[in-house]
Amino acid sequence: MEYTKILYDEHEVIISAVEMIESSESLLNDDPEKWKVFCKKMIYFFRNYADKYHHHKEEQLLFPKISQENEVMGMNIIAEMLENHNDFRDYLSEIEECLNSDISKAFLKISDYCEHLSDHISVENEELFISVETLLSENDLETMMYQFQDIDRDLGEVKKKELEESLEEIKQMF
Ligand SMILES: [Fe+2]
Ligand SMILES: [Fe+2]
C-alpha cells in the first residue's frame, strides 16, 4: 500500500469526480445548457488528471513492471487494464461529440464511462495493487514510487493540485 499510495490517492480523487457525474442528473434536467458546461469541465478533468497523470503512471511504470515479472498477469489482467484505458479515451471523444448533437445521449455515455471507470479502479485497488506488492522486491517498489513522483514533477505538481481543486469549484455549479 505504501509504495502505491500515490495511485490509491489518485483513484480517490477520480472516484469523487465519478460521484459528481452520478449526482448531476438533476442539473441536466433543470438546466441542460449549464450541464453541458459542467460536462465539458469534467471531460477536461478526466483527460488531464485521470488519463494524463494517472493512467500515464500505470502504463509507463506499473504495467510493464508487472508484465516483466509475471507473464501470465501481463497477458491477462494487464492486457485488460490497457484495453480499458484505450476504451476510456474513446469514450471521452464520443461524449464530447454527443454534447453538440444529443445531450441525453452524452449523459448516458458519460454515466457508462463512469461505471466502467469505477469497476476498473476496483479491480486495480482490490487485485492489482495488492499483488504488485508481493510480486516486486522492496527495492523495485521503492524505485517505482520515486518514479511516480518524477512523473508528477515532469507533468507539473502545481497543475495536478489545480486539477484536484477544480473539482471543488465545479461542484459549486449545482
Ligand atoms: Fe488503470
Ligand atoms: Fe488506476
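So, how was this worked out
Residue positions are given per chain, counting from 1 as you read along its sequence in written order. Lettering of chains starts at A and numbering of ligands starts at 1, both following the order in which they are written. Local features in a predicted model are, by the rule used here, given only for residues with pLDDT of at least 70; side-chain atom pairs are given and counted only at 80 or more, and totals for whole chains, interfaces and linings are based on all residues. Only DSSP runs of H or I covering at least 4 residues are called helices, and only runs of E covering at least 2 are called strands; the numbering of each starts at the N terminus. For our purposes the nonpolar core covers buried Ala, Val, Leu, Ile, Met, Phe, Trp, Tyr and Cys residues that link as a set through C-beta atoms within 7 Å. Partly exposed residues are those whose C-beta has more than 12 but fewer than 20 other C-beta atoms within 10 Å; with 20 or more the residue is buried, with 12 or fewer it is exposed, and the C-beta atoms are placed from the backbone. Residues are defined as contacting one another if the C-beta atoms placed from their backbone atoms lie within 7 Å. Between N-to-C directions, angles span 0 to 180 degrees; the directions come from axes that are lines fitted to C-alpha atoms, helices contributing only their stretch in contact. Throughout this description, any angle smaller than 35 degrees is read as roughly parallel, any larger than 145 degrees as roughly antiparallel, any in the 65 to 115 degree range as roughly perpendicular, and the remainder as oblique. Handedness of a crossing follows from how the near helix is turned relative to the far one, being left-handed for an anticlockwise turn of less than a right angle and right-handed for a clockwise one.

## Overview of the environment of glutamate 157
Tracing the sequence through the fold places glutamate 157 in helix α7 (residues 157-171). Between the alpha carbons of glutamate 157 and leucine 128 there is a distance of 26 Å; along the sequence they are 29 residues apart.

## What about the nonpolar core?
Grouped together as the largest cluster of nonpolar side chains are 22 residues, with contacts concentrated most on Ala17, Cys39, Met42, Phe46, Ile95, Ala106 and Ile110. Elements supplying a minimum of two residues to this core: α1 (5-22), α3 (32-69), α4 (71-101) and α5 (103-135). Here the element with the most residues in this core is α3; it accounts for 9 residues. Excluding residues that lie within four positions of it along the chain, isoleucine 110 makes contacts with Ile21, Cys39 and Ile95. Residues Phe63, Ile66, Ile78 and Val132 belong to the second largest nonpolar core, which totals 7 residues.

## As for the environment of glutamate 115
Summarising the element assignment, glutamate 115 is placed in helix α5. Considered as a pair, glutamate 115 and proline 64 are 51 residues apart in the sequence and their alpha carbons are 26 Å apart.

## Here we look at the packing of α1 against α5
At a closest axis distance of 10 Å, the pairing of α1 and α5 adopts a crossing angle of 155°. With respect to their mutual orientation, α1 and α5 come out roughly antiparallel. Pair α1 / α5 crosses with left-handed handedness. Contacts between α1 and α5 involve Leu7, Tyr8, His11, Ile14, Ile15, Val18, Ile21 and Glu22 from the former and Ile110, Ser111, Cys114, Leu117, Ser118, Ile121, Asn125 and Phe129 from the latter.

## Quick look at the packing of helix α6 (residues 138-155) against α7
Where α6 meets α7, the axes come as close as 5 Å, and the angle between the chain directions of the two elements is 85°. One finds that α6 runs roughly perpendicular with respect to α7. Between α6 and α7, the contacting residues are Asp152, Arg153 and Leu155 on the first element and Glu157, Lys159 and Lys160 on the second.

None of the figures reported here should be taken as evidence of function without further support.
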